[in-house]
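Listed below are the residues making up each chain.
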Amino acid sequence: MAKKTFPCGHKGLGQYCHKCQQSSIEHNNQEAIRHEKQIWEQQFKTDAIDLRKLPHKNLVIKARAILVAIKEGQAYQVFNGKRMNYDRHIVSVPIDNDYRILFKDDKDGLVPVVVLSHEEYNTKKPGASKI
Ligand SMILES: [Zn+2]
């Protein structure tokens, strides 16, 4: 079978240009990835607190699950959350070993305040003795 020239100018075999077909697939994939990133970025705006500092997607997802569950009235103890000794109105809920969410115990329930890394948690903790 002889190679033919497609309308796009590429030469090849078959009914359509495989080069253009391939680059169109790659283009669509890039679009899809970009679109997914945009949606991902948008979701941060609807979070009760800024979760952007979390380094992994699955940490963000886990943090959101904790935020939603606690908002719905789930007990923080379920997530190994603890009241702080220095302030019984602050509840710390671990996301993993390195990150935790601080909640303030309000009359309406637990209100998320901030995400802290392990280091920040150890240094910002007011009244806590440094190691
Ligand atoms: Zn082509």
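What counts, and where the lines are drawn
- Residues numbered from 1 in each chain as written.
- Predicted model: local features only at pLDDT ≥ 70, side-chain atom pairs only at ≥ 80, totals over all residues.
- Heavy atoms only, no water.
- Helix = DSSP H or I, 4+ residues; strand = E, 2+ residues; numbered from the N terminus.
- Rg over C-alpha atoms; globule rule 2.2 N^0.38 Å.
- Buried < 20%, exposed > 50% of the residue type's maximum accessible area, 1.4 Å probe, protein only.
- Areas by Shrake-Rupley, 256 points an atom, 1.4 Å probe, with all protein chains shown as cover.
- Lys, Arg positive; Asp, Glu negative; His and termini not counted.
- Charge placed at Lys NZ, Arg CZ, Asp CG, Glu CD.
- Donors = N, O, S within 2.8 Å, 3.2 Å for Na, K, Ca; no water.
- Tetrahedral: all angles 85-135°; square planar, octahedral: opposite > 155°, others 65-115°.
- UniProt positions renumbered as here; feature names shortened; annotations may be inferred.
- Polar contact = N/O pair within 3.5 Å; in protein donor to acceptor, adjacent residues only side chain to side chain.
- Contact = heavy atoms within 4.5 Å.
- Expected span 1.5 Å × (residues − 1).
- Salt bridge = Lys/Arg side-chain N within 4 Å of Asp/Glu carboxyl O.

Concerning the overall build of the protein
Turning to step 1, where the next piece is worked out: When its secondary structure is counted, the protein shows three helices and six strands.
Turning to step 2, where the next piece is worked out: Taken from the N to the C terminus, the helices and strands of the protein come in the order β-β-α-α-β-β-β-β-α.
Turning to step 3, where the next piece is worked out: Since a compact globule built from 131 residues should have a radius of gyration of about 14 Å, the 25 Å found for the protein marks it as more spread out than a globular shape.
Turning to step 4, where the next piece is worked out: Out of the 131 residues in the protein, the part that is buried amounts to 27%.
Turning to step 5, where the next piece is worked out: Total accessible area on the protein is roughly 9,500 Å²; 52% of this is exposed by carbon and sulfur atoms.
Turning to step 6, where the next piece is worked out: Here the protein contributes 22 positively and 15 negatively charged side chains, and the mean placements of these two sets differ by 6 Å.

A look at the coordination of the zinc ion
Turning to step 1, where the next piece is worked out: The protein atoms that coordinate the zinc ion are Cys8 (SG), His10 (ND1), Cys17 (SG) and Cys20 (SG), at distances of 2.0 to 2.3 Å.
Turning to step 2, where the next piece is worked out: Viewed at the metal, the four donor atoms of the zinc ion are separated by angles of 103 to 113 degrees, and the geometry they form is tetrahedral.
Turning to step 3, where the next piece is worked out: In the primary structure, the donors to the zinc ion are separated according to the pattern C-x1-H-x6-C-x2-C.
Turning to step 4, where the next piece is worked out: The partly exposed category is assigned to His10, whose relative accessible area is 29%.

Quick look at the UniProt feature "domain: DUF7682" (unreviewed entry) in the protein
Turning to step 1, where the next piece is worked out: Under the UniProt annotation, "domain: DUF7682" (unreviewed entry) lies at residues 3–23.
Turning to step 2, where the next piece is worked out: Taken end to end, residues 3–23 has its terminal C-alpha atoms 20 Å apart, with 29% of it in helix and 19% in strand.

Notes on the side chain of Arg64
Turning to step 1, where the next piece is worked out: Counting through the fold element by element, Arg64 comes out in helix 2 (residues 57–71).
Turning to step 2, where the next piece is worked out: A polar contact is formed between the side chain of Arg64 and the side chain of Asp47, at a distance of 2.8 Å.
Turning to step 3, where the next piece is worked out: Once residues within four sequence positions are removed from consideration, Arg64 is found in contact with Trp40, Gln43, Phe44, Asp47 and Leu51.

Some points on helix 2
Turning to step 1, where the next piece is worked out: For helix 2, built from 15 residues, the straight-helix expectation of 21 Å at 1.5 Å per residue is met to within 8% by its first-to-last C-alpha distance of 21 Å.
Turning to step 2, where the next piece is worked out: Looking at helix 2, one finds that the buried residues are Leu59, Val60, Ala63, Arg64, Ile66, Leu67, Ala69 and Ile70.
Turning to step 3, where the next piece is worked out: Contact partners of the buried residues in helix 2: helix 1 (18–46), strand 4 (90–94), strand 5 (99–106) and strand 6 (109–117).
Turning to step 4, where the next piece is worked out: Looking at the residues trailing helix 2, positive phi occurs at Gly73, about 100 degrees.

Some details on the pattern of salt bridges
Turning to step 1, where the next piece is worked out: Summed over all chains, the structure comprises six salt bridges.
Turning to step 2, where the next piece is worked out: For the salt bridge of Arg52 with Glu41, the shortest nitrogen-to-oxygen distance reads 3.8 Å. Taken as a pair, Arg52 in the loop between helix 1 and helix 2 and Glu41 in helix 1 lie far apart in primary sequence, eleven residues in all.
Turning to step 3, where the next piece is worked out: Since its relative accessible area comes to 41%, Arg52 is described here as partly exposed.
Turning to step 4, where the next piece is worked out: What makes Glu41 partly exposed here is its relative accessible area of 41%.
Turning to step 5, where the next piece is worked out: Close ionic contact of Asp105 with Arg83 constitutes a salt bridge, the shortest N to O distance being 2.8 Å. Of the two residues, Asp105 is situated in strand 5 and Arg83 in strand 3 (residues 82–83); the sequence distance between them amounts to 22 residues.
Turning to step 6, where the next piece is worked out: Given the relative accessible area of 28%, Arg83 is considered partly exposed.

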